[in-house]
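# Coordinates in review
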Amino acid sequence: MTFAQKMAAATGAAGLALIAATPAWAQQAAPEAAEAVVEAVVDKGDVAWMMTATVLVLAMILPGLALFYGGLTRTKNMLSTMTQVGAAACLAMLVWVCYGYGLAFGPEGNAFIAWGKFFLSGVTADSLADTFSDGFKLPEYVFISFQMTFAAITLALVLGATVERMKFAAVMVFGIVWLTIVYFPIAHMVWAAGGLFFEMGALDFAGGTVVHINAGVSALVAALILGKRIGYQKEIMAPHALTLTMVGTGLLWVGWFGFNAGSALEANGSAALAMINTFVATASAGLFWMIAEKVAGHKPSALGFCSGIIAGLVAVTPAAGNAGPFGAIVLGAAASVICFYMVTVLKPRLGYDDSLDAFGIHGVGGIVGALGTAIVYAPGLGGPGGADYAIGGQFVTQVLAVGTTIVWAGVGTAIAITVAKALTGLRVSEEVEREGLDLGEHGERAYTY
């Protein structure tokens, strides 16, 4: 054998030995590497999705909700309504980063409230927040921003019951107090580890209790304390621009995918389930509202379509990742018909002035969705529940969570409205109300032709 052949043979033998030894080395290093991966994995796809979802929720507020609510008001209150929605959202964002995040998700806390991280103390670009998968994290600033948009839209939703008669200054004072004593505690109870509803095992994927029942009940209490608009049930108060309401409805539906699918906190199968449910539950509700109109002897209307779309979105929010698609379809249809009855039959009989049906759709739809989630979660109905899932026990848990939210929101709103009334007078003068809040409160007109 030549020298070259001997060297080649030796090199090959060494290579084979190294290859043979590699698995043993890998087996020793793998546990340490795996442990390091489990400790903190930040997936760029998840981060990109959550940043997108956050911006989608912002689109729900401005321009979505502003156009939806604005179109439903009379011409003389269009700008006032849109300004209140936008300013309330901005207020919520600033309060959130000052102390709201700390009260909802702070490192210390009990079943009802948290504390710490005020003014985002200790949060840096390297800080991480948990997702629902062990070891997978998000940059904490992304989580803070995502949750911030939820606080912003919830406060804005409440204003749907009080538009056309509440002072702008009162809206701002009410917003600060309401966020502090109502929204932040309920957000902690539902979504923070150690929170009351979280530990109870209540199912609320994207905010049935935190956002919709909370906002809807608060809207009703605020409207009752504020009183009816001048001429309510005596004068025609038809929406002035249903075309803008339709545009707002579309923007809300698009943004709601960030709201629901984003609540998975990852770009995964749970987000995909929430996505398809947000499609089909909403489609079902939009059609069933118009069917209800027809059965009741009316023509199927654009306003009814828009109302049904929102009712379906509201109802599927707690069930977005907690139902199969066909369960979501049934839930959307049921919520739409119940909300239709609430808005068109019970509200006129009871005589309260919930201007834009914030309670009739968000409050009632949220209750239907939260309670219905206990049913559609069952695997026999296509839900993601385990084989041993019991509807009865979960339904009781949902009832307790809904009941607590109703009481907490009702009492807290009464306090917040009382404080706003003491500091601002709460309601505009009769002259301003008749003239319109656009001119009376802001010195502008929505339309100059």
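Residues numbered from 1 in each chain as written. Predicted model: local features only at pLDDT ≥ 70, side-chain atom pairs only at ≥ 80, totals over all residues. Heavy atoms only, no water.

On to the overall build of the protein chain, then. Helix and strand counts for the protein chain come out as 15 helices and 5 strands. Principal axes of the C-alpha set define a box for the protein chain whose edges measure 110 × 50 × 45 Å. Partitioning the intrachain contacts of the protein chain with sequence separation of at least 6 by distance along the chain shows that 77% fall at a separation of at least 24. Summed over its atoms, the accessible surface of the protein chain is roughly 18,700 Å², and 69% of this surface lies on carbon and sulfur atoms. Averaging the positions of the 19 positive and the 27 negative side-chain charges in the protein chain gives two centres separated by 14 Å. (Helix = DSSP H or I, 4+ residues; strand = E, 2+ residues; numbered from the N terminus. Contact = heavy atoms within 4.5 Å. Areas by Shrake-Rupley, 256 points an atom, 1.4 Å probe, with all protein chains shown as cover. Lys, Arg positive; Asp, Glu negative; His and termini not counted. Charge placed at Lys NZ, Arg CZ, Asp CG, Glu CD.)

So, on to the sheet that holds strand S4 (residues 128-130). Read across the open sheet, the 3 strands follow the order S1-S5-S4; overall the sheet is mixed. For this open sheet the edge positions go to strand S1 (41-42) and S4, each flanked by a neighbour on one side alone. Where helix H2 (residues 44-72) meets the sheet, its contacts fall on S1 and strand S5 (136-139), and the angle it forms with S5 comes to roughly 45 degrees. Lying on the sheet, helix H4 (residues 140-158) is in contact with S4 and S5; it crosses S5 at an angle near 75 degrees. (Pairing = 2+ DSSP bridges. Axes fitted to C-alpha atoms, helices over the stretch in contact; angles between N-to-C directions.)

On to the packing of helix H9 (residues 269-295) against helix H10 (residues 302-316). Between H9 and H10, the least distance of the axes is 7 Å, while the angle of their chain directions is 140 degrees. Considering their axes alone, H9 and H10 lie oblique with respect to each other. You can see that H9 and H10 cross each other, and the crossing is right-handed. Here H9 contributes Asn277, Thr278, Ala281, Thr282, Ala285, Gly286, Trp289, Met290 and Glu293 to the contact with H10, which in turn contributes Gly304, Phe305, Ser307, Gly308, Ile309, Ala311, Gly312, Leu313 and Val316. Grouping the constituent residues of the contact of H9 with H10 by class yields 9 nonpolar, 8 polar and 1 charged. (Parallel < 35°, antiparallel > 145°, perpendicular 65-115°, else oblique. Left-handed = near helix turned anticlockwise from the far one by under 90°. Nonpolar A, V, L, I, M, F, W, Y, C, P; charged D, E, K, R; others polar.)

By size, the foremost hydrophobic cluster in this structure holds 115 residues, and its most contacted members are Leu65, Trp96, Phe174, Trp178, Tyr183 and Phe259. The greatest single-element share of this core, amounting to 15 residues, is contributed by helix H5 (residues 168-191). Filtering out sequence-adjacent residues up to four positions away, tryptophan 178 remains in contact with Thr154, Leu155, Val158, Tyr183, Asn214, Ser218, Thr413 and Ala416. Ranked by size, the runner-up nonpolar core spans 5 residues in total, among them Leu203, Tyr377, Ala378 and Tyr389. (Core = buried A, V, L, I, M, F, W, Y, C linked by side-chain atoms within 4.5 Å. Buried < 20%, exposed > 50% of the residue type's maximum accessible area, 1.4 Å probe, protein only.)

Positionally, lysine 299 belongs in the loop between H9 and H10. For the pair lysine 299 and glycine 258, spaced 41 residues apart in sequence, the C-alpha to C-alpha distance is 33 Å.

It is worth spelling out the environment of alanine 274 at this point. Turning to its location among the elements, alanine 274 is positioned in helix H9. Since its relative accessible area comes to 0%, alanine 274 is described here as buried. For the pair alanine 274 and valine 343, spaced 69 residues apart in sequence, the C-alpha to C-alpha distance is 27 Å. Ignoring any residue separated from it by four or fewer positions in sequence, one finds alanine 274 in contact with Phe205, Asn260, Ala261, Ala320 and Gly321.

Turning our attention to the pairing of S5. Two strands pair when backbone bridges link them, and S1 and S5 are joined in this way by 2 bridges, in the parallel orientation. Across the sheet, valine 41 pairs through a bridge with phenylalanine 136, a residue of S5. Sheet topology note: the S4/S5 ladder contains 3 bridges and is antiparallel. The partner of leucine 128 across the bridge, within S5, is proline 139. A loop of 5 residues connects S4 with S5, the two strands running antiparallel in sequence, and glycine 135 in this loop sits at a positive phi of about 90 degrees.

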